[in-house]
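Below, each chain spelled out in residue letters.
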Amino acid sequence: MKRTTRSRRLLSAIAGAAVLGLVAAGCSGGAGEGEADDTAVQACNDIDAEYPSGPIELIVPWAAGGGTDGVARLIGDQLSDQLGTNVNVVNRTGGSGVVGHQAMVDATPDGQTIGLVTVEIGMMHHQGLTDISGEDLTAISQMNEDGAGITVAADAEWETAADLLTHIEENPGEVTASGTGQGGIWHLALLGMLLDNDLPVDSVNFVPSEGAAPALQELVAGGIDMTTNALGESKTMLDSDRAKALGVMGTERDPAFPDVETLQEQLGSEYSMSVWRGIAGPLDLEPTVVEELECHLGLIAESEAFNEFMTDSGLGVKYAGAEDFQTLMREDDAQKGEVMEEAGLAQ
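Calculation rules
Along each chain, residues carry numbers from 1 onward, in the same order as the chain's sequence is written. Reporting of local features is limited, given that this is a predicted model, to residues whose pLDDT is at least 70; pairs of side-chain atoms are given and counted only at 80 or more, and all residues count toward the totals for whole chains, interfaces and linings. Excluding hydrogens and water, the side-chain values take into account all heavy atoms of the structure. What is meant by a nonpolar core is a set of buried Ala, Val, Leu, Ile, Met, Phe, Trp, Tyr and Cys residues, joined one to another through side-chain atoms within 4.5 Å. Burial classes follow relative accessibility: with a 1.4 Å probe on protein chains only, a residue under 20% of its type's maximum area counts as buried, one over 50% as exposed, and anything between as partly exposed. Numbering of helices and strands runs from the N terminus; a helix is a DSSP stretch of H or I covering at least four residues, while a strand is a stretch of E covering at least two. By definition, residues are in contact when any of their heavy atoms lie within 4.5 Å. We call a pair of cysteine sulfur atoms a disulfide whenever their separation is within 2.5 Å. Each patch is assembled from residues with relative accessible area greater than 30% and no salt bridge, linking like charges that lie within 9 Å and nonpolar side chains (Val, Leu, Ile, Met, Phe, Trp, Tyr) that lie within 5 Å. For every accessible area listed, the method is Shrake-Rupley and the probe measures 1.4 Å; residues are considered covered only by the protein chains on display. Salt bridges, as used here, are contacts in which a Lys or Arg side-chain nitrogen is within 4 Å of a carboxyl oxygen on Asp or Glu. Positive: Lys, Arg. Negative: Asp, Glu. His and the chain ends are not part of the count. Each charge is placed at NZ for Lys, CZ for Arg, CG for Asp and CD for Glu. Each aromatic pair joins two rings of Phe, Tyr and Trp (for Trp, the six-membered one) with centres within 6.5 Å, and gets the label stacked for planes under 30 degrees apart, edge-to-face for over 60, and tilted for any other angle. DSSP bridges decide pairing: two strands pair if at least two such bridges lie between them.

## Considering the nonpolar core
Piece 1. Formed by 52 residues in total, the largest nonpolar core has its most connected members in V117, I150, M193, M226 and M249.
Piece 2. If you tally residues by element for this core, the top one is helix 6 (residues 185–196), at eight residues.
Piece 3. Among residues more than four places away in sequence, those in contact with M226 are I150, T151, V152, L164, V175, T176, A177, S178, L190, M193 and L219.
Piece 4. Of all hydrophobic cores here, the second largest spans 28 residues; its members include V87, L116, A301 and A322.

## Structural notes on the state of the cysteines
Piece 1. Within the structure shown, the criterion is met by one disulfide.
Piece 2. Linked covalently through their sulfurs, C44 and C295 form a disulfide whose S-S length is 2.1 Å. Of note, the bridge from C44 to C295 carries an S-S torsion of about -65 degrees and is left-handed in sense. Within this pair, whereas C44 is found in helix 2 (residues 38–45), its partner C295 is found in helix 10 (residues 287–302), the two being separated by 251 residues in sequence.

## Section: a negative patch on the surface
Piece 1. Side chains of E169, E170, D196 and D198 sit close together on the surface and give a patch of like negative charge.
Piece 2. With respect to the helices and strands, the residue D198 is situated in the loop between helix 6 and strand 7 (204–206).
Piece 3. Its relative accessible area of 72% is what places D198 among the exposed residues.

## A word on the packing of aromatic side chains
Piece 1. This model, assessed by the stated rule, comprises one aromatic pair.
Piece 2. When the centroid spacing of 5.5 Å and the interplanar angle of 90 degrees are considered together, the rings of W276 and F325 count as edge-to-face. Taken as a pair, W276 in strand 10 (residues 274–282) and F325 in helix 12 (residues 322–343) lie far apart in primary sequence, 49 residues in all.
Piece 3. Using a relative accessible area of 0% as the deciding quantity, one classes F325 as buried.

## Observations concerning the environment of W158
Piece 1. Along the polypeptide, W158 turns up in the loop between strand 5 (149–153) and helix 5 (161–170).
Piece 2. You can call W158 buried: its relative accessible area is 7%.
Piece 3. As for W158 and K244, which are separated by 86 residues in sequence, their C-alpha atoms are 9.6 Å apart.
Piece 4. Sequence-distant contacts of W158, that is, excluding residues within four places in its chain, are made with V152, D163, L164, H167, V175, D225, K244 and L246.

## Some details on the sheet that holds strand 6 (residues 175–178)
Piece 1. Pairing is mixed across the open sheet formed by five strands, whose spatial order is 7-6-8-5-9. The sheet is open, and its two borders are formed by strand 7 and strand 9 (243–248), each paired with just one other strand.
Piece 2. With five bridges joining them, strand 5 and strand 9 adopt antiparallel strand pairing. If you follow A153 over to strand 9, its bridge partner there is A243.

Purely spatial values, then, with no claim about function.
Structure follows, in structure tokens:
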């Protein structure tokens, strides 16, 4: 989505005011615990005086009770307070995320229906599940990012990602990994890492699982050798010294695990693979609506309540505005498509 120079300057000024408002909130008494202050919120609301025109629907393409649902409900609660209207979280499940994302694409572009878009938007069409992609949405704000971590048992012989990759190269087919279902994001992370290091995709045996939790149980029980899920999902095992992290595939270190080096630091590799979540709406969303929501979401991303929730949930906070988030979706789609094509997962 293109913006005029004037609108970018306006948003920058508002964002600056919002940050100052947050700093002042701690001593002004103008905000509830962990929330943005009233001045900053009003600055956002002033961008489009006619928005919203009623309750807002926030679509979640995954089931209630999961991590994505929890993030959406907290964002919805804070948006509701800041906008002064109900924000109703609606779970539209099915089709491995297709149903919910399609509902975002099909919504009327008035800002009354938005959604929590997830990393799968850049994978589903490569898998032949749908024709839609991030290009069919208007990005508003990225709220989260978690790089794929490399986790092994505490007594494993490897101390770094380089040690592990050397072992895989010298002993193809000996190492077994898990962390998600076949073709899921953490499987893709593993395959991309192997390809980036000129290793065949079958040099590691992959055992599908129902998610990171059962895979990590298998890891500490000795049933598998490694997982490639987010480090936050491994936190319990890492904190109890039943597992250790050899590296992270993010573009930077995970703030919750500052001692775990990225692959770039260890190997000089530019390869990264992350999951992310953000807020988006249908194409042709009114620019002032995008700017107002972007402003509010920036306040939420800075809020104590949001950061505490994300930390407690083992999730990373990564905020980006509309233009940067649209770029992320486009570039991430291309990267994941390339990996899936090379790995034989694309349809």
